[in-house]
Amino acid sequence: MQAEIYSSMNFYNKQKVRDSQPLDLLVPVLSLQLSNTAILHQIRRDQVTDTCRANSVSSRKRRVLTPNDLKHLVVDEDHEMIYCYVPKVACTNWKRVMMVLTGRGKYSDPMEIPANEAHVSSNLKTLNQYSIPEINHRLKNYMKFLFVREPFERLVSAYRNKFTQKYNTSFHKRYGTKIVRRQRKNATQEALRKGDDVKFEEFVAYLIDPHTQREEPFNEHWQTVYSLCHPCHIHYDLIGKYETLEEDSNYILQLAGVGNYLKFPTYAKSTRTTDEMTTEFFQNISSEHQTQLYEVYKLDFLMFNYSVPSYLKLE
């Protein structure tokens, strides 16, 4: 399928806001807030466009997207929305919200949907399930959005969730055993068998190992946003950030015309991976490995306007 590269549609001028009252009747404060937020999202879109252009050799070398490239794009037919989900960027709650929006009244409260239910693939329709003309029509006409996060904070969050929690035995077996076998000298038979004690340094070494990249694509939990959502090929109308999750999420729901009855769920952030925590994890990573890891995630840093972390010791 040829990825359609079309002109940057002025989404806001298309009056996709489908609230019951027209825009000119909204209170001035809300109008000001909407316009400021619209400008912010335009700046974010421009940043992506500029980064794609500046890195055209690496970012545009694959001009053709296949349906398999679109399996992260969740479609809501009723509200004409497409959401590209990125693991470790509030994707469980956004999938819950999409289930409420597409459930035809089956669900009303996102938080009543169990987390594991949100990740059952048959509960949501993805763009790769459509024919190529249907895909192109939706890419051109639907409101498309994604959420991003500081790349290394997301990476540490993925490591903590998948390698330090005892219940994630499937990850330990599939990835942990492989990482231990490749990165740990004199590993015990138990570590080779279980793979449940992977150190962050070993995880980083695995990610920057050229053999890893050649062997298979990264798992979605540590794959780059650029590779999951293809922002150089797909024009996203809205780019939300984890750092401003609630504001950005509720703005999107407002634009979809559902903000009066559906709010993005708030949740306790006590276990959340923070910048301070990420700094600690990187203390034991050599400057050589830090530099190599930054190169892997560099496009995500640039594209979504995240500065180089102050704790990094780049060579």
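What you see as residue numbers is a count from 1 along each chain, following the sequence as written. It should be noted that, the model being predicted, local features are given only for residues of pLDDT at least 70 and side-chain atom pairs only at 80 or more, the latter also being counted only at that level, while totals for whole chains, interfaces and linings use all residues. Processing note: side-chain calculations cover all non-hydrogen atoms of the structure and skip hydrogens and water entirely.

- The name an unreviewed UniProt entry gives the protein chain is Carbohydrate sulfotransferase, with Willisornis vidua as the organism.
- UniProt positions are given in the numbering used here, feature names are shortened, and annotations may be inferred rather than shown by experiment. The heading Sequence similarities (unreviewed entry) in the UniProt record of the protein chain holds the text "Belongs to the sulfotransferase 2 family."

**With respect to the overall build of the protein chain**
Next, step 1: By definition, any uninterrupted DSSP run of H or I lasting at least four residues is a helix, any uninterrupted run of E lasting at least two residues is a strand, and each is numbered from the N terminus. When helices and strands are tallied, the protein chain shows 14 helices and five strands.
Next, step 2: Exposure is judged per residue with a 1.4 Å probe applied to protein chains only, and the accessible area is read against the type maximum: over 50% gives exposed, under 20% gives buried, and values in between give partly exposed. The buried share of the protein chain, reckoned over its 315 residues, is 51%.
Next, step 3: A separation threshold of at least 6 residues defines the contact pool for the protein chain, and within that pool the share at least 24 residues apart is 73%.
Next, step 4: In these tables, accessible area is a Shrake-Rupley quantity obtained with a 1.4 Å probe, and a residue counts as shielded only by the protein chains included in the view. In the form shown here, the protein chain has an accessible surface area of approximately 15,600 Å², with 50% of it arising from carbon and sulfur atoms. Pairs of residues are marked as contacts when any of their non-hydrogen atoms sit within 4.5 Å.

**Description of helix α6 (residues 151-163)**
Along an α-helix, a turn takes 3.6 residues, which lines up residues three or four apart on a common side.
Next, step 1: Here α6 is 13 residues long and its end C-alpha atoms lie 18 Å apart, about the 18 Å a rise of 1.5 Å per residue gives.
Next, step 2: α6 sits mainly inside the fold: twelve of its 13 residues count as buried.
Next, step 3: Those residues of α6 that are buried are in contact with α7 (169-183), α9 (200-208), α11 (225-229), α13 (275-282) and α14 (287-303).
Next, step 4: Pairing of N or O atoms within 3.5 Å defines a polar contact, subject to two protein rules: one partner must be a possible hydrogen donor and the other a possible acceptor, and residues neighboring in sequence count only if both atoms are side-chain atoms. N-capping of α6 is provided by Glu150, with a side-chain oxygen placed 2.9 Å from the backbone N of Phe152. By this rule, a helix spans an expected 1.5 Å times one less than how many residues it contains.

**A look at unusual backbone geometry**
For residues besides glycine, phi is generally negative; the peptide bonds are generally trans as well.
Next, step 1: Of note in this structure, Glu80 is not a glycine but carries a positive phi near 50°.
Next, step 2: In this fold, Glu80 is placed in the loop between β1 (73-76) and β2 (81-84).
Next, step 3: Residue Glu80 is classed as partly exposed on the basis of its relative accessible area of 30%.

**A few points about the packing of aromatic side chains**
Next, step 1: For this analysis, a ring pair means two rings from Phe, Tyr or Trp (six-membered ring only for Trp) whose centres lie within 6.5 Å, classed as stacked if their planes differ by under 30 degrees, edge-to-face if by over 60, and tilted for the remaining angles. As enumerated under the stated definition, the model contains 24 aromatic pairs in all.
Next, step 2: Residues Tyr83 and Trp94 carry aromatic rings whose centres are separated by 5.5 Å and whose planes lie at 35° to one another, so their mutual orientation is tilted. On the criterion of sequence distance, the pair formed by Tyr83 in strand β2 and Trp94 in helix α3 (residues 91-102) is long-range, its members being eleven residues apart. The residues Tyr83 and Trp94 share a single accessibility class, namely buried.
Next, step 3: Arranged with centres 5.0 Å apart and planes meeting at 40°, the rings of Tyr294 and Phe301 form a pair that is tilted.
Next, step 4: Given a relative accessible area of 0%, Phe301 falls into the buried group.

**Details of the state of the cysteines**
Next, step 1: Put simply, a disulfide is two cysteine sulfurs that come within 2.5 Å. A full pass over the atoms with the stated rule returns two disulfides.
Next, step 2: Paired through a disulfide, Cys52 and Cys232 show a sulfur-sulfur distance of 2.0 Å. Torsion about the S-S bond of the Cys52 and Cys232 cystine: about -95°, corresponding to left-handed handedness. Of this pair, Cys52 sits in helix α1 (residues 28-54) while Cys232 is found in the loop between α11 and β5 (238-241), placing the two residues 180 residues apart along the sequence. There is no split in this pair, since Cys52 and Cys232 are both buried.
Next, step 3: Cys84 shares a disulfide with Cys229; S-S distance 2.0 Å. Its torsion about the S-S bond being -90°, the disulfide of Cys84 and Cys229 is classed as left-handed. Residue Cys84 is located in strand β2, and its partner Cys229 is located in helix α11; the two are separated by 145 residues in the primary sequence. Each of the two residues, Cys84 as well as Cys229, counts as buried.
Next, step 4: The connectivity of the disulfides in the protein chain is 1-4, 2-3, where the numbers refer to bonded cysteines in sequence order.

**Side note on the nonpolar core**
Next, step 1: Formed by 88 residues in total, the largest nonpolar core has its most connected members in Trp94, Phe145, Phe152, Phe203 and Trp222.
Next, step 2: Examining the composition of this core, we find that seven residues originate from one element, α3, more than from any other.
Next, step 3: The contacts of Trp222, once residues within four sequence positions are left out, are Arg154, Leu155, Ala158, Lys162, Phe163, Phe171, Tyr175, Phe203, Tyr206, Leu207 and Tyr297. We define a nonpolar core as any set of buried Ala, Val, Leu, Ile, Met, Phe, Trp, Tyr and Cys residues linked to one another through side-chain atoms lying within 4.5 Å.

**A few points about the packing of α6 against α13**
Next, step 1: Helix axes are fitted to C-alpha atoms over the stretch in contact, other axes to C-alpha atoms as well, and angles between N-to-C directions run from 0 to 180 degrees. Contact pair α6 / α13: the axes reach a minimum separation of 9 Å and the direction vectors enclose 75°. The angle between the axes of α6 and α13 places the two elements in the roughly perpendicular class. The segment α6 lies against α13, with Phe152, Glu153, Val156, Tyr159 and Arg160 engaging Asp275, Met277, Thr278, Phe281 and Phe282.
Next, step 2: Nonpolar residues are Ala, Val, Leu, Ile, Met, Phe, Trp, Tyr, Cys and Pro. Charged residues are Asp, Glu, Lys and Arg, and all others, Gly as well, are polar. Split by residue class, the contact of α6 with α13 holds six nonpolar, one polar and three charged. Orientation categories follow fixed angle ranges, with anything under 35 degrees roughly parallel, anything over 145 roughly antiparallel, 65 to 115 roughly perpendicular, and all other angles oblique.

**Remarks on the pairing of β1**
Next, step 1: In β1, alternate side chains face the same way, and those of Leu73 and Val75 on one face and Val74 and Asp76 on the other are all buried.
Next, step 2: Turn length for the β1-β2 hairpin, with the two strands adjacent in sequence and antiparallel, is four residues, and the turn residue Glu80 shows positive phi of about 50°.
Next, step 3: The pairing criterion is simple: DSSP has to find at least two bridges between the two strands. Where β1 and strand β3 (residues 125-126) come together, two bridges link them in antiparallel fashion. Along β3, the bridge assignment pairs Val74 with Thr126.

**Considerations on the sheet that holds β5**
Next, step 1: Strand order across the open sheet formed by five strands is β3-β1-β2-β4-β5, with mixed pairing between neighbours. In the strand order of this sheet, the two ends are held by β3 and β5, each with one partner.
Next, step 2: Taken together, the four bridges between β1 and β2 define a ladder with antiparallel strand orientation. Pairing of Val74 across the sheet is with Tyr83, part of β2.
Next, step 3: Relative to strand β4 (residues 143-148), helix α12 (residues 245-255) is tilted by about 170°, and along the sheet it contacts β4 and β5.

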